[in-house]
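Coordinate analysis (summary)
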Amino acid sequence: MPATVSFKVPTPSGPRPMTVSYAREGDGEPLLLLHGIGHHRQAWDPVIPVLAKERDVVAVDLPGFGESPALPGGLAHDLPAMTAVLTALCAALGLERPHVAGNSLGGLLALELGRAGVVRSVTALSPAGFWSEAERRYAFGVLSAMRGIARRTPPSVVERLAPSAAGRTLLTSTIYARPARRPAAAVVAETRALAQAPGFTETLRSGRAVRWTEDVPGLPVTVAWGSRDRLLVPRQGVRAKAVIPRARLVRLPGCGHVPMNDDPALVARVLLDGSR
């Protein structure tokens, strides 16, 4: 069930309280799930029922997305701040070195938590940061356009479009290879989440200088990429393998940028295998 947790994070003006929304389900070793920019924790809903049979699954709304408020004043939505927040979140929830899996922005954050030694394994699905400059500009342009469309489209129009397969394709085909499989209610909710996310602009701005160039030694790392990812193209997975040579690189046939919806069974198996 959805819940919130409050804790303090360091800022230039001293510790400040913040609250994060999350859902927790299942038993076993802890597995922290981190969504991408403009999304929310419900992105993981297609795989949670399978994961929860073997893991204590914690899906969070990142600060400034979903039901979590933006970071306190004085903190940028960048890697150092988000790493500090997620480390404090784990402590507040009693998650001692959990496994972590992330998609897109969440994959980048998962890798950073791995590099910081906060987690015991990392599974990154189409993680940000392995782009060329041209690829980054393209992805950021697409994301900005998606955000603009979501903000300009009246909720009543989204609600009329979502029940049809054609409407769901129109609204979400950039991130899903099989958008017709996404439930209408989920499409409405994630379009609203993208439109309303207070952390979107600052997070995108902070990402302009991000380029992942370091290994993540000392723990298991899995990098998985959808073969039909139109936002962060699959060749970036080859770069990730070159930068993190001991990582397991997995291809997700027929999956788009947010693969949990396109092939839940395959993605759940990759997450379980990566968190052993």
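Here's a quick rundown of the structure. Please read all numbers here as calculations on a predicted model, not as lab measurements.

Re the overall build of the chain
Along the chain, the regular secondary structure elements total 11 helices and 8 strands. Here the chain has a C-alpha radius of gyration of 17 Å; the compact-globule value for 276 residues is 19 Å, and the two agree. The principal-axis extents of the C-alpha atoms in the chain amount to approximately 45 × 40 × 40 Å. Out of the 276 residues belonging to the chain, those deemed buried represent 55%. Long-range contacts, defined here as pairs at least 24 residues apart, represent 70% of the contacts in the chain between residues at least 6 apart. Summed over its atoms, the accessible surface of the chain is roughly 11,200 Å², and 56% of this surface lies on carbon and sulfur atoms. When the 33 positive and 22 negative side-chain charges of the chain are each reduced to one mean point, those points stand 5 Å apart.

Some details on the pattern of salt bridges
Evaluated as defined, the whole model comprises 16 salt bridges. For Glu135, the salt bridge identified is with Arg235, shortest N-O distance 2.7 Å. Of the two residues, Glu135 is situated in helix α4 (residues 133-152) and Arg235 in helix α9 (residues 235-243); the sequence distance between them amounts to 100 residues. The class of Glu135 is buried, set by a relative accessible area of 8%. Taking the shortest distance from any N to any O, the salt bridge between Glu202 and Arg205 comes out at 2.7 Å. Of the two residues, Glu202 and Arg205 both sit in helix α8 (residues 200-206), 3 residues apart, roughly one turn of that helix. Among the residues examined, Glu202 registers a relative accessible area of 25% and is labelled partly exposed. With a relative accessible area of 42%, Arg205 lands in the partly exposed category.

A closer look at unusual backbone geometry
Located in the positive-phi region is Arg97, a residue other than glycine, with phi close to 45°. Overall, Arg97 belongs to the partly exposed group, its relative accessible area being 40%. Unusually for a residue other than glycine, Ser126 sits at a positive phi of about 45°.

Some remarks on the side chain of Arg147
Checked against the element boundaries, Arg147 lands in helix α4. It is Glu202 that comes nearest to the buried, bridge-free Arg147 among opposite-charge side chains, at 11 Å. A distance of 3.2 Å separates a polar side-chain atom of Arg147 from the backbone oxygen of Ala195. Those residues in contact with Arg147 that lie beyond four places of it in its chain are Leu194, Ala195, Gln196, Ala197, Phe200 and Thr201.

Some remarks on the packing of aromatic side chains
Aromatic ring pairs are reported here in terms of the distance separating the ring centres and the angle at which the planes meet. Counted according to the given criterion, the structure contains 1 aromatic pair. For Arg136, the ring lying beneath its charged end belongs to Phe140, and the centroid distance is 4.8 Å.

What counts, and at which threshold
- Residues numbered from 1 in each chain as written.
- Predicted model: local features only at pLDDT ≥ 70, side-chain atom pairs only at ≥ 80, totals over all residues.
- Heavy atoms only, no water.
- Helix = DSSP H or I, 4+ residues; strand = E, 2+ residues; numbered from the N terminus.
- Rg over C-alpha atoms; globule rule 2.2 N^0.38 Å.
- Buried < 20%, exposed > 50% of the residue type's maximum accessible area, 1.4 Å probe, protein only.
- Contact = heavy atoms within 4.5 Å.
- Areas by Shrake-Rupley, 256 points an atom, 1.4 Å probe, with all protein chains shown as cover.
- Lys, Arg positive; Asp, Glu negative; His and termini not counted.
- Charge placed at Lys NZ, Arg CZ, Asp CG, Glu CD.
- Salt bridge = Lys/Arg side-chain N within 4 Å of Asp/Glu carboxyl O.
- Polar contact = N/O pair within 3.5 Å; in protein donor to acceptor, adjacent residues only side chain to side chain.
- Phe/Tyr/Trp six-rings, centres within 6.5 Å; stacked < 30°, edge-to-face > 60°.
- Lys NZ or Arg CZ within 6 Å of the ring centre and 35° of its normal.

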